[in-house]
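For reference, the chains in residue letters:
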Amino acid sequence: MKSNLSVSLAEHDELTTYHYKVILYLDGIGEATQTKMSEQLGTTKQRINKICKQLESMDIIQVKRKEGRNIFWKLNPKPTFQHKGQMKLEGI
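Sequence order as written defines the numbering, with residues in each chain counted from 1. Reporting of local features is limited, given that this is a predicted model, to residues whose pLDDT is at least 70; pairs of side-chain atoms are given and counted only at 80 or more, and all residues count toward the totals for whole chains, interfaces and linings. Side-chain calculation: all heavy atoms of the structure are included, whereas hydrogens and water are not.

**Overview of the overall build of the protein**
Piece 1. Secondary structure is summarised from DSSP: a helix means a run of H or I of at least four residues, a strand means a run of E of at least two, and numbering begins at the N terminus for each. Counting secondary structure elements, the protein contains four helices and three strands.
Piece 2. Put simply, the protein runs from its N terminus to its C terminus through helices and strands in the order α-α-β-α-α-β-β.
Piece 3. Three labels apply to residues, based on accessible area from a 1.4 Å probe with only protein chains included: buried if under 20% of the type maximum, exposed if over 50%, partly exposed otherwise in between. Counting across all 92 residues of the protein, residues that qualify as buried make up 36%.
Piece 4. Method for areas: the Shrake-Rupley scheme with a 1.4 Å probe, in which residue coverage is limited to the protein chains shown. Of the roughly 6200 Å² of accessible surface on the protein, a fraction of 48% belongs to carbon and sulfur atoms.

**Quick look at the packing of aromatic side chains**
Piece 1. For Phe, Tyr and Trp, where Trp contributes only its six-membered ring, two rings pair if their centres lie within 6.5 Å, and the inter-plane angle classes them as stacked under 30 degrees, edge-to-face over 60, or tilted in between. Enumeration according to the criterion identifies zero aromatic pairs in this entry.
Piece 2. Comment: the charge-over-ring label is applied if NZ (Lys) or CZ (Arg) is within 6 Å of the ring centre and within 35 degrees of the ring normal. Stacked on the ring of Phe72, the Lys or Arg Arg65 has its end atom at 3.9 Å from the ring centre.

**Brief notes about helix α3 (residues 34–41)**
Piece 1. Listed in full, the buried residues belonging to α3 are Gln34, Met37, Ser38 and Leu41. Viewed along the axis of α3, the buried residues span an arc of 100°, placing them on a single side of the element. When the buried face of α3 is taken as reference, the exposed residues oriented beyond 90 degrees from it are Glu39 and Gln40.
Piece 2. Only heavy atoms enter the contact rule, under which two residues are in contact if any of them lie within 4.5 Å. Residues of α3 that are buried in the fold lie against α2 (17–29), β1 (31–33), α4 (45–57) and β3 (70–75).
Piece 3. Positioned one or two residues after α3, Gly42 has a phi angle of 70°, which is positive. The arc under discussion is defined with respect to the helix axis, by the directions toward the C-beta atoms.

**Some points on the environment of Gln40**
Piece 1. Counting through the fold element by element, Gln40 comes out in helix α3.
Piece 2. According to the relative accessible area criterion, Gln40 is exposed, its value standing at 52%.
Piece 3. Sequence-wise, Gln40 and Tyr25 are 15 residues apart; in three dimensions their C-alpha atoms are separated by 8.9 Å.

Shown next, in the form of C-alpha cells:
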C-alpha cells in the first residue's frame, strides 16, 4: 500500500476496526470472497458482507469477478475516498 493511500485511509472518519482488517487482508492477499475473509478474520459472513458493501460505497474496494454466488473482492487501485452521500463531480 502506498504511503499517501495509507495517510488517506488513516484520516477517514467512517472506518472501523473491521474495515481496516478487510482492507489490510485484501492488500496482502489480492482478492478474496466474503466466506474466505470471514473465516480468516474470525467473524460472520453477514458482518463481512456489510463491511464490503460499505467499503464499495466509499470506493475503496470493488468487485473483481463473480463465480456463481461467490463474489471476489479486491482493493480499488485508484480510490477516490468518497464519503456516503457525496456526489462525484466528473469533468470539472
